[in-house]
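# Chain and residue survey
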Amino acid sequence: MHTPLRSARRPRLLASFAATAFALAALNAQAKGVSDDDIVNDATITTQVVTHGLGTKGQRYSPLDQVNIETVKNLVPVWSFSFGGEKQRGQQSQPLIHDGKMYVTASYSRIFALDATTGQKLWKYEHRLPDGIMPCCDVINRGAALYDDLVIFGTLDAQLVALNKDTGKVVWRQKIEDYKAGYSFTAAPQIVKGMVITGNSGGEFGIVGRVDARDAKTGKLIWTRPTVEGHMGYTYDAEGKPVDNGISGTTNATWPGDLWKTGGAAPWQAAYYDPDVDLIYIGTGNPAPWNSWLRPGDNLYSSSTIAIDPDTGKIVWHYQSTPHDGWDFDGVNEFISFEYNDPATGKLVKAGGKADRNGFFFVNDRTDGKLLNAFPFVNRIDWAKGIDLKTGRPIYDEEKRPGNPFAEGVGEDKKGKVVFNAPSFLGGKNQMPMAFSPKTGYFYVPANEWGMDIWNEPISYKRGAAYLGAGFTIKPLHEDFIGAMRAVDPVSGKIVWEVKNNAPLWGGVMTTGGDLVFYGTPEGYLKAIDARNGKELWQFQTGSGVIAPPVTWEQDGEQYVAVVSGWGGAVPLWGGDVAKRVNMLEQGGSVWVFKLHKS
Amino acid sequence: MKRLGSTARSWRYVLLAFMLAPLLLALALDRAHARDSAAFDYGLVPRQIADGVYVLEGRKEDFSTANGGDIANTGFIVGTAGVIVIDTGSSRRYGEQMRVAIARITPLPVVLTINTHHHPDHFLGNQAFPPDTLAALPATIAGIEAEGGAFNDNLYRLVGDWMRDTEVVVPRRRLAAGRQLVAGRDIELLALGGHTAADLVVIDHVSGTVFAADLVFNGRAPTTPHADIPRWMEAIAQLERLPARRWVPGHGAVHEDTEPLRQTRAYLDWLSRTLQAAAESGLDMAEAMTLPVAAEFRTLALVEHEYRRSVVHLFPAAERAALGSR
Amino acid sequence: MKPAHPARRTVCAALGLACAAALPFVAAGRVLAAAPALQPGADPLDSSRWDDMRRAFFADAPVVFDDRIAVTAPFSAEDPLNVPVAIDATALGAVREVLVFADFNPIVKALRVEPLAAPAAFGLRLKLQQSSPVRAAARTADGTWHLGGAWVRTSGGGCTLPSLGSGSAEWQQRLNEVGARLWPGVGHGDRLRLRIVHPMDTGLAPGIPAFHIETLEIADGAGRVLVRAEAFEPVSENPVFSFDLPAGIGAAGPLRIRGRDNNGNLIDAEVRP
Ligand SMILES: [Zn+2]
């Protein structure tokens, strides 16, 4: 059975098909480069996936509908490719598709170029990693960026490598930061106005969070913006010399003493970009150390969404979802641009949505950061009774902050009072990106229901060493599930439907014009469910746990779906009692590609 | 690579930390001290014990956030051409403050910085001294290379912010036993062992001062994480034959006669006989830990604590012998 | 219960020490079963994991915190890979089984002992990943679980570190080799101590699968099983156990120690009195 591509009816797509046809004509002459237009229009050009997020807004929505609620039952594998090697561990990469080729990263800082229709390997680049790398949460990578004739990805030793996308040869290489001080890099870079935008990782090691913009073609720094209040931002002149570009915030306004010098707030996920309002959005991680008694104050810009002007490298607005975080509630989750009509006024609202680690779903005006709505997307939240929509601040339950280890009456082991708190530090949602369907108006949120016992203890900063001052045990909240794929209405604040999952969900989500939601499970399944009602329609066992987001594209009149499989990531490392639900899962490392079979 | 286990979870790892983990972490927290722990000032005041010979006496305590790890004796000898430093303390700050203290006494440069053995209270101040003056016995260098990082991690945990920016600096100059003029001073080095694989004793012949390192404790229970008791007792016997005028122990007060040597040897003798007897009479290790310390040693600082640690260090070998298990 | 403690006398005599207090397995040391006997209520060790422990091991069975079960363990672990623990539940009378576990270990259960025809008193060493209560739970004939325990502080890492022997070939040549000896008149009768060469890999150290002794049985010369034990990953490498056995047990001939690990390797040794 074959269903014609209905999406071709869309005028914008027609234009892109024309471009594709033109490119195909010139195929033998030279491989096609990725243009700024390709990037800005990635969400609607269905023959490619050249950005992390299926568009720089990160909606992870594809208008393709050949595979739909009727036809998905005929989805079958086309090819599978093994990353090989003796090392496996977690695979969290979102593949990129361009010009009939797939670019996919793998654990231990590897990247592969494959023929997208056959799975044949074109080239591989394997980064030589030093012994001392310190990724907190597995040796994963979340994907690459494409620009012109380059494919760019970051490595666990905090470097950025640009390869010729046709040959796999290194074109440029830049150091993001010193891995020996605890810096690492796992996110996918994002291309904005010809710049490659990256954050950094290492919030568990007292690093200083920072967003960098580089010339994508040369790797030369254009600006840097620290995400810890008190640090100087810079622009770079023609010789590459830094020029002061203003301190982020005001030194010591929200941090005591010199704690801000090791303040964490790592923006360790991908940046997203809305060309419409011309702002870069990126989330920032936990303040360091975890023990919040050492750092009274809001600790800006930790656990926040920040909006940066790509032209100046300055923070335009920020919204801190967990001020003075004491639970490792990183605010790194993706802030996804979307529009809705205000039910009261009927006016179109340019908004952004974020399902936070802390269990609340936030809707902000994406032009100025103003909080529009905030509601729980998980069943249980202990640390705050709610979010005050007027002030934008959480209404804390102070009993749920781990006890002060320096308080009187604490035993000689200096362990503060243990508190139980939900969500756990692995979050109501973690790194796995959600999706938004403009068709249904829902966000599809891979949520997890778990809590933790957490306590604080003294800690001293040591360069390159873990900087927590806390201990914890994660516990599931329910016997029958931890994960829950949820359709969330950002306007009403209601959960429309959910599909439970025994193990915690750790892969991302994609939704399509075919009214489908695709996502993977640690149990190894790639699943397709009805975007309108959550009905499970299709699943395929990939052989190892899926903790990566799927993609889709169309080629030669057929819609393809791809996902990376390979269990690992933070859950098996940090899982506490949750480990029992996942310790039977085996590692792997492969890409699976599907399309409809023709009978 | 230092892979997942040890990287991702390195916060949980304190490799070999047990070698030094004291039983009572914050034992001395509440005690009043002259030191200003807010300013991280060790209050180091060198005491002259002979012409040109100085000692900075540590506390007879365990590592704590109150004492900043200042629990071992360090010292220095001022020659005509420079200064010989004997051990550098437990942290970068200690080393730096020690250098300031030396500079108050003499403008001469440090020409030799000795680490007597590879325990962290004796070498973690190395950063403050000229790298090419750092020197130790080969086995001490190997010990610092192998275990220094874990020791350093552990001290951050035990004494906190006193450790700020402390890193392990491995001495590169390999010392050997022998007598020679150093900085114009008649110095003899003895390469012994028993407290650790290599314990260096420094003799200043002009003044008759012996820096006995941790082969000798005075009024404080000896520590045994790397001990070879028979070898240690042999080393003490060798020291007793030296015509010394005064002894600088690794821990505890400077003494004019050999009483600290006798005391250390008597304790070690009691310790090994007690543990052997315990193993030979079928006691479990948990039971061996509950045996009382002999009356004559009960006045030693930290003796209960060190005894229980020593059971963990030394009982397994005695037990293997008793069980006829290799 | 037998109040005499000849072992202590032997040591003390050997060293010419004055020994006043009682000793083996009856806690001259730190015994933290601080609550009064038969207190059903709150965990005297105040562990945030207690509810989970209760659910995991005892379900709906009656549980009491009982100072008649003594757990002797150091206040702080000098070596998190070798934390000595001695358990004495003889004051409870007949005991069907004793469970030893540590609330905060990634693998909680360490040892299960059935003192079939022996006093409920034994010793072992275990690995601790972080500071944790170490508990012993003894089930009496009426189905009640009696709990004792003590907090042990540690810098941790004990369960996720590779065993020391895993890097050497020693265990491959001497696997399951037993060194054992019987001491008449020590503890509550005769004391058997044994050491078995085994890496006891937890499966939590990267790249090393779980490899540990699973079962152990001690039988007298007539083939009667005196003690049956089930060991789990947290028991220390090259484990050393102490088991108190009925007095005069060696009279019927050599004791037999048998067991196997999770790979099916057998343990089989004789101990002549
Ligand atoms: Zn020493």
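It should be emphasised that the depicted structure is a prediction, and the values quoted were computed from it without experimental measurement. (Residues numbered from 1 in each chain as written. Chains lettered and ligands numbered in written order. Predicted model: local features only at pLDDT ≥ 70, side-chain atom pairs only at ≥ 80, totals over all residues. Heavy atoms only, no water.)

So, about the nonpolar core. If you look at the biggest cluster of nonpolar residues, it comprises 107 residues, and the most contacted ones within it are Ile152, Phe361 and Phe443 of chain A. With residues up to four places along the chain from it excluded, the contact list for Phe361 of chain A reads Gly353, Lys354, Ala355, Asn373, Ala374, Phe375, Phe377, Met434, Phe443, Val445, Val488 and Pro490 of chain A. In this structure, Ala120, Leu124, Leu126 and Leu216 of chain C belong to the second largest nonpolar core, which totals 48 residues. (Core = buried A, V, L, I, M, F, W, Y, C linked by side-chain atoms within 4.5 Å. Buried < 20%, exposed > 50% of the residue type's maximum accessible area, 1.4 Å probe, protein only. Contact = heavy atoms within 4.5 Å.)

Once that is clear, we can look at the sheet that holds strand E1 (residues 61-62) of chain A. Residue and element names in this part refer to chain A. Strands sit in the order E1-E34-E35-E36-E37 across an open sheet of five strands; the sheet is mixed. With partners counted over all chains shown, the strands left at the sheet margins are E1 and strand E37 (536-541), one partner each. Bridging between strand E36 (residues 525-530) and E37 involves five bridges; their strand directions are antiparallel. Looking at E37, one finds that Ala528 is bridged to Trp538. (Pairing = 2+ DSSP bridges. Helix = DSSP H or I, 4+ residues; strand = E, 2+ residues; numbered from the N terminus.)

So, on to the packing of aromatic side chains. Within the structure shown, the criterion is met by 53 aromatic pairs over all chains. Taking the centre distance of 4.8 Å and the plane angle of 55° together, the rings of Tyr281 of chain A and Phe335 of chain A count as tilted. Here Tyr281 of chain A, found in strand E18 (residues 279-283), pairs with Phe335 of chain A, found in the loop between strand E20 (315-320) and strand E21 (336-341); they are 54 residues apart in sequence, far enough to count as distant. On the numbers, 6.3 Å between centres and 20° between planes, the contact of Trp327 of chain A with Tyr396 of chain A is stacked. Here Tyr396 of chain A lies in strand E26 (residues 394-396) and Trp327 of chain A lies in the loop between E20 and E21, a separation of 69 residues in the sequence. Take Trp327 of chain A and Tyr396 of chain A: they sit in the same class, and that class is buried. In this structure, Lys415 of chain A packs its charged tip against the face of Trp455 of chain A, placed 4.1 Å from the ring centre. Directly above the aromatic system of Tyr156 of chain B lies the positively charged group of Lys462 of chain A, at a separation of 5.5 Å from the ring centroid. (Phe/Tyr/Trp six-rings, centres within 6.5 Å; stacked < 30°, edge-to-face > 60°. Lys NZ or Arg CZ within 6 Å of the ring centre and 35° of its normal.)

Residue and element names in this part refer to chain B. With distances of 2.1 to 2.2 Å, the protein atoms coordinating the zinc ion are His117 (NE2), His119 (ND1), His195 (NE2) and Asp214 (OD). One way to put it: the four donor atoms around the zinc ion meet at angles of 87 to 170°, and that makes the site irregular. Mapping the donors of the zinc ion onto the primary sequence gives the spacing H-x1-H-x75-H-x18-D. Within this pair, whereas His117 is found in the loop between strand E5 (110-114) and helix H3 (120-123), its partner Asp214 is found in strand E11 (residues 209-217), the two being separated by 97 residues in sequence. Since its relative accessible area comes to 0%, His117 is described here as buried. (Donors = N, O, S within 2.8 Å, 3.2 Å for Na, K, Ca; no water. Tetrahedral: all angles 85-135°; square planar, octahedral: opposite > 155°, others 65-115°.)

Below, the discussion takes up the pairing of strand E12 (residues 246-251) of chain B. All names here are of chain B. For E12, the tally of buried residues reaches six of six residues, placing the bulk of the element in the interior. Looking at chain direction, E11 and E12 are connected through five bridges and run parallel. Across the sheet, the residue bridging to Phe211 is Val248, located in E12. Read as a crossover between parallel neighbours, the route from E11 over helix H5 (residues 229-240) to E12 is right-handed. (Right-handed = clockwise from strand over helix to strand, strands pointing away.)

All names here are of chain A. For Gly483, the position within the fold is in strand E32 (residues 483-489). For Gly483, a relative accessible area of 0% puts it in the buried group. Spatially, the C-alpha atoms of Gly483 and Val499 are 8.3 Å apart, while their sequence positions differ by 16 residues. Leaving out residues up to four positions away in the same chain, Gly483 has contacts with Ala447, Asn448, Val499, Lys500, Asn501, Asn502, Ala503, Pro504 and Leu505.

This brings us to the confidence of the model for chain C. Residues and elements named next belong to chain C. Per-chain confidence: chain C averages 84 in pLDDT, with 80% of residues scoring 70 or above. In the model, residues 1-39 has pLDDT below 50 throughout and makes 99 contacts with residues more than four positions away in sequence or in other chains. Confidence metrics for the complex model read pTM 0.86 and ipTM 0.86. (pLDDT = per-residue confidence, 0-100.)

Attention now goes to the pairing of strand E4 (residues 83-86) of chain B. All names here are of chain B. In E4, alternate side chains face the same way, and those of Val83 and Val85 on one face and Ile84 and Ile86 on the other are all buried. Counted between consecutive antiparallel strands, the loop separating strand E3 (residues 74-78) from E4 contains four residues. In terms of strand pairing, E4 meets E5 through four bridges, oriented parallel. Looking across to E5, one finds that Val85 is bridged to Thr113. Chirality of the crossover, the property in question, places the unit of E4, helix H2 (residues 92-105) and E5 among those that are right-handed.

What follows concerns the UniProt feature "binding site: Ca(2+)" (unreviewed entry) in chain A. All names here are of chain A. Look at the UniProt record and you will see "binding site: Ca(2+)" (unreviewed entry) annotated at Glu204, Asn286 and Asp328. Spanning 125 residues, the named residues nonetheless gather at one spot, since no C-alpha pair among them exceeds 9.3 Å. In the annotated set above, the residues contributing to the lining of the largest cavity are Glu204, Asn286 and Asp328. If you trace the backbone, Asn286 turns up in the loop between E18 and strand E19 (304-308). On the basis of relative accessible area, Asn286 is assigned to the buried category, the value being 1%. If we skip the residues at most four places from it in the chain, Asn286 touches Gly203, Glu204, Gly263, Gly264, Ala265, Ser302, Ser303, Asp325, Asp328 and Asp330. Note that Asp328 resides in the loop between E20 and E21. Residue Asp328 is classed as buried on the basis of its relative accessible area, which comes to 4%. Not counting residues within four places of it along the chain, the set of residues in contact with Asp328 comprises Glu204, Asn286, Trp290, Arg357 and Phe425. (UniProt positions renumbered as here; feature names shortened; annotations may be inferred. 1 Å grid on protein atoms, 1.4 Å probe; cavity = no way out; pocket = protein on both sides within 12 Å on 5 of 7 lines; lining within 4 Å.)

As enumerated under the stated definition, the model contains 67 salt bridges over all chains in all. The shortest N-O distance in the salt bridge between Glu498 of chain A and Arg486 of chain A comes to 2.8 Å. With Glu498 of chain A in strand E33 (residues 494-501) and Arg486 of chain A in strand E32, the pair connects residues that are 12 residues apart, well separated along the chain. Judged by relative accessible area, which is 35%, Glu498 of chain A ranks as partly exposed. In this structure Arg486 of chain A comes out as buried when scored by relative accessible area, which is 0%. Two residues, Arg256 of chain C and Asp268 of chain C, come together in a salt bridge whose shortest N-O distance is 2.7 Å. A residue pair is termed long-range when its members are at least 10 positions apart, and Arg256 of chain C in strand E14 (residues 255-261) and Asp268 of chain C in strand E15 (residues 266-271) qualify at 12 residues. (Salt bridge = Lys/Arg side-chain N within 4 Å of Asp/Glu carboxyl O.)

Moving on, we come to the packing of H5 of chain B against helix H6 (residues 259-280) of chain B. Residues and elements named next belong to chain B. Between H5 and H6, the shortest axis-to-axis distance is 10 Å and the interhelical angle comes to 160°. If you check the angle between H5 and H6, you find them roughly antiparallel. Relative to H6, H5 is oriented so that their crossing is left-handed. Along the contact surface, H5 presents Ile229, Trp232, Met233, Ile236, Ala237, Leu239 and Glu240, while H6 presents Leu261, Arg262, Thr264, Arg265, Leu268, Asp269 and Ser272. Here the residues of the contact of H5 with H6 sort into eight nonpolar, two polar and four charged. (Axes fitted to C-alpha atoms, helices over the stretch in contact; angles between N-to-C directions. Parallel < 35°, antiparallel > 145°, perpendicular 65-115°, else oblique. Left-handed = near helix turned anticlockwise from the far one by under 90°. Nonpolar A, V, L, I, M, F, W, Y, C, P; charged D, E, K, R; others polar.)

It is worth spelling out unusual backbone geometry at this point. Residue Pro289 of chain A is reached from Ala288 of chain A by a cis peptide bond, and omega for that bond is -10°. Assignment of secondary structure puts Pro289 of chain A in the loop between E18 and E19. Between Ala422 of chain A and Pro423 of chain A the backbone carries a cis peptide bond, its omega angle lying at 0°. Here Pro423 of chain A lies in the loop between strand E27 (419-421) and strand E28 (435-436). We note that Asp278 of chain A has phi near 55°; this positive angle belongs to a residue other than glycine. Its place among the elements puts Asp278 of chain A in the loop between strand E17 (272-274) and E18. For Asp278 of chain A, a relative accessible area of 21% puts it in the partly exposed group. Its identity as a non-glycine residue notwithstanding, Leu302 of chain B has a phi of 65°, on the positive side. Following the sequence through the fold, Leu302 of chain B ends up in the loop between helix H7 (285-288) and helix H8 (303-323).

Residue and element names in this part refer to chain B. An order of E1-E2-E3-E4-E5-E6-E7 is seen for the seven strands of this open sheet, with the pairing classed as mixed. Both edges of this open sheet fall to strand E1 (47-50) and strand E7 (173-174), since each of them pairs with a single strand only. Here E1 runs beside strand E2 (residues 53-56); their pairing, made up of three bridges, is antiparallel. Looking at the pairing, Arg47 lines up with Val55 of E2. Its contacts with the sheet put H2 on E2, E3, E4 and E5, and the angle it makes with E3 is roughly 30°.

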